[in-house]
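Structural features, examined
If you want the building blocks of each chain, they are given just below.
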Amino acid sequence: MQRAHGTKHWLSLAGAGVVWLVLVAPIVTLLAHLSPSAFVAALRAPGALAPLVVSLETGAITLSVLVLGGAPLGWMLARRRLPVHRVVETGVLCALLLPPLVVGLLLVFMVGPDTPVGHAIAAIHLSATNTVLALVVAEVYESAPYFVLGVQAAVGAVDPALEVQALLLGDTPRAAARRVVLPLAAPGIAMSLAVAWARAMGAFGAVIIVAYHPYGLPLQIWTTLQETGLSSALPFALVLLVVALPLPIASYAWSVRARARLLR
Amino acid sequence: MLELDFCVERRDLRVEVAFCVAGGQRVALVGPSGAGKTTVLETVAGLVRPCRGSVTLAGRVLTASGPPEVDVPVWLRRVGLLRQQVALFPHLSVAENLAYARRGLGTTATQDTLAESLGISSLLDEHPATLSGGQCQRVGICRLLLADVDALLFDEPFTGLDPELRRTVSAVTAEVVAARRLPTVLVAHELTEAQAFADLLGIVDGGRLLQLGAPHEVVRRPGSRRAAEIVGYRAFVDTSPHAVPCSTVLGVHPGRVVAGAHPDAGAVLHGTVTRWRAAGARVEVDLDVAGVTVACELEDRPPGTSADVTVLDPQWFSAVDGRALGRQSGGPAVVDPGGSTR
């Protein structure tokens, strides 16, 4: 009996190890096929860093939009404070399920120059195609569902009885949210923000349709691949990885520590 | 003074109660599960909205069905409620949990004194995840006693505490209630807890307050057969005259029975011993009296297979509608297994 249990344990470990290797294999491959000199040369090319700056700028704006608009929506979904809760939740899920390329196509019909929204934007001398605004809109559409559902899960995991207890002790709902719900949901919200950041930095499907210019990192990789081949595109893939990874890793480390603090 | 008179429509029950609690007075509500006791507390605290009625605390109307309609939000009511789920904040230490409630009221010294009295002063730096159920309960009680409120409500506060701690917690709570002249309502599952804590005992059943009175009185003189059942009367013996349809029953509380026939002290029952077992320092005996099993807690096991016992301060109830008929209505009786009354 104990022997069978031990065998099962080792099989489980081996299975987990194989899955982990499969997941990290692309990163290992990237590092294996990239020489330091090629990496430095690619980044020293004129204008090579401009897409990085564009990606960082639009990514930061996207995160701000998500925090301001997506966090309250996720919070209200978690606490079922919306009148048509199920309809709203289904809408967010549908947005999550739409392929990014399709989102891009639909954005042309929604905010393109010949649409009412496009005309309204044009009236204030802006455009939602091939501009920074277009890039932000595309990134928001690609990352928002992940963030909203992540916040919903994080806030939903906080026992509502704690919020009620704070009210009973004299906190207003806003104070109870700030003093009780937010600290407890923060690790989950941080992870959602990290996922949203990664999605925004890697946004491609919708971006290629509505925001071909200005280039962000994913489009630079794509155009470099098209114009000069696979080996030239790899340095930019590493840049994308280096830029996109720190926030998720930091968020992960912080949320692990925060969760451990709750259990100590 | 806390005054409440309201009706709450629950999916399964209509809860309709009315009573007052003076400053410094402690009222305990007992009753079966689902009787509506917790609903009463939650309505006072503002977590449940009544369909009719009002709640007034220290002259402030907290709830009124109107006109004008009043519904003061939970956080402005100044009503402290300890729920069955204590809900300590897991991201805060015990000291921080206590300080959460202390705003503007107690000093750190008050907090330390109370924590010492409740035996949690060594836990102040701990986090709730590391505490046992009983420790969480005491921290929750301490937090509530430190809260800046005008009334205290406790929903089964002694759960998870051993008898010694129950006595301590009950005494500390009573001290704070008396010192701050706070109207206090406690919901208890066990009658002894309620009796030990309260000045007034209320029996709640089916959403209604059946009886409210001094704890000793409510147990000795239940207002109805149902109230008697809730406070521990376990047998009801037909004491109607022979050949007359059953009109009165004698309520028997196991703790109000002595061995032997003492007609001057109460109603004498004659029955057959069907079972006995040790119950602490006493013996629990089942007597078959006129086909009814009467449980008695006696000093010793009766020597033979049949025995006489005397029900002290006997209470009779109408067999028709269950209302109490008082001590003398049935008169002292001697009932034998054949059902005849001598």
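Residues numbered from 1 in each chain as written. Chains lettered and ligands numbered in written order. Predicted model: local features only at pLDDT ≥ 70, side-chain atom pairs only at ≥ 80, totals over all residues.

Attention now goes to the overall build of chain B. Regarding its fold elements, chain B presents 8 helices and 21 strands. With the C-alpha coordinates aligned to their principal axes, the bounding extent of chain B is approximately 70 × 50 × 35 Å. Of all 342 residues assigned to chain B, the portion counted as buried reaches 44%. Long-range pairs, those at least 24 residues apart, make up 64% of the contacts in chain B with a sequence separation of at least 6. (Helix = DSSP H or I, 4+ residues; strand = E, 2+ residues; numbered from the N terminus. Buried ≥ 20, exposed ≤ 12 C-beta atoms within 10 Å, placed from the backbone. Contact = placed C-beta atoms within 7 Å.)

Time to look at the pairing of strand S11 (residues 208–213) of chain B. Residue and element names in this part refer to chain B. Pairing of strand S10 (residues 200–205) with S11, which is carried by 5 bridges, proceeds in the antiparallel orientation. Bridge pairing links Leu201 to Gly213 in S11. Linking two consecutive strands that pair antiparallel, namely S10 and S11, is a turn of 2 residues; a positive phi of about 55 degrees is found at Gly206 within it. (Pairing = 2+ DSSP bridges.)

Moving on, we come to the interface of chain A and chain B. Note: interface size is frequently given as the accessible area lost on complex formation between the parts. Counting residues at the interface gives 16 residues for chain A, matched by 18 residues for chain B. Of all elements in the fold, only helix H8 (160–168), helix H9 (173–201) and helix H13 (246–263) of chain A reach the threshold of two or more residues within the side of chain A that touches chain B. The greatest single-element share of the side of chain A that touches chain B, amounting to 6 residues, is contributed by H8(A). A per-class count over the side of chain A that touches chain B returns 11 nonpolar, 3 polar and 2 charged. (Nonpolar A, V, L, I, M, F, W, Y, C, P; charged D, E, K, R; others polar.)

Residues and elements named next belong to chain B. Under the domain assignment, chain B is made up of domain 1 (2–220) and domain 2 (225–335). Using C-alpha coordinates to define each centre, domain 1 is positioned 36 Å away from domain 2. With 11 residues of domain 1 at the interface, the matching set in domain 2 holds 6 residues. Those elements that provide at least two residues to the side of domain 1 that touches domain 2 are S10, S11 and helix H7 (215–220). A total of 3 residues in the side of domain 1 that touches domain 2 trace back to one element, the largest contributor, which is H7. (Domains from an automatic or database assignment.)

A few words now on the packing of helix H11 (residues 217–228) of chain A against helix H12 (residues 230–244) of chain A. All names here are of chain A. Packing of H11 against H12 brings their axes to within 7 Å, and their N-to-C directions diverge by 170 degrees. By the angle between their directions, the pair H11 and H12 is classed as roughly antiparallel. Residues Leu217, Pro218, Gln220, Ile221, Thr224, Leu225 and Thr228 of H11 form the contact with H12, whose participating residues are Leu230, Ser232, Ala233, Phe236, Ala237, Val239, Leu240 and Val243. Of the residues assigned to the contact of H11 with H12, the class counts are 11 nonpolar, 4 polar and no charged. (Axes fitted to C-alpha atoms, helices over the stretch in contact; angles between N-to-C directions. Parallel < 35°, antiparallel > 145°, perpendicular 65-115°, else oblique.)

Quick look at the pairing of strand S2 (residues 14–21) of chain B now. Two strands pair when backbone bridges link them, and strand S1 (residues 2–9) of chain B and S2(B) are joined in this way by 8 bridges, in the antiparallel orientation. By the bridge assignment, B:Leu4 is partnered in S2(B) with B:Phe19.

Moving on to H11(A). Structurally, the α-helix is built with 3.6 residues per turn, so residues lying three or four positions apart point the same way. Residues and elements named next belong to chain A. Over its 12 residues, H11 runs 16 Å from end to end, which matches the ideal 16 Å to within 8%, given 1.5 Å per residue. Buried within H11 are the following residues: Leu217, Pro218, Leu219, Gln220, Ile221 and Thr224. Here the buried face of H11 lies against helix H3 (50–78), H9, helix H10 (205–210) and H12. Gly229 lies just past H11 and shows a positive phi near 105 degrees. (Expected span 1.5 Å × (residues − 1).)

To continue, consider the packing of helix H5 (residues 100–111) of chain A against helix H7 (residues 132–156) of chain A. Helix packing geometry: the angle between the two helix axes and the distance between the axes. All names here are of chain A. Packing of H5 against H7 leaves a shortest axis separation of 10 Å and a crossing angle of 130 degrees. When the axes of H5 and H7 are compared, the pair comes out oblique. Pair H5 / H7 crosses with right-handed handedness. Contacts between H5 and H7 involve Pro100, Val103, Gly104, Leu107 and Val111 from the first element and Val137, Ala138, Tyr141 and Glu142 from the second. Broken down by class, the residue content of the contact of H5 with H7 amounts to 7 nonpolar, 1 polar and 1 charged. (Left-handed = near helix turned anticlockwise from the far one by under 90°.)

In summary, soluble globular proteins display a tendency toward joint burial of nonpolar side chains. Membership of the largest hydrophobic core comes to 161 residues, with the highest contact counts inside it found for A:Val137, A:Ala138, A:Val210, B:Ala28, B:Cys142 and B:Leu153. Broken down by element, the residue count for this core peaks at 15 residues, all from H7(A). Two domains each provide a minimum of three residues to this core, namely domain 1 (2–220) and domain 2 (225–335) of chain B. Beyond its immediate chain neighbours, meaning those up to four positions away, A:Ala138 contacts A:Gly104, A:Leu107, A:Ala203, A:Ala206, A:Val207, A:Val210 and A:Ala211. (Core = buried A, V, L, I, M, F, W, Y, C linked by C-beta atoms within 7 Å.)

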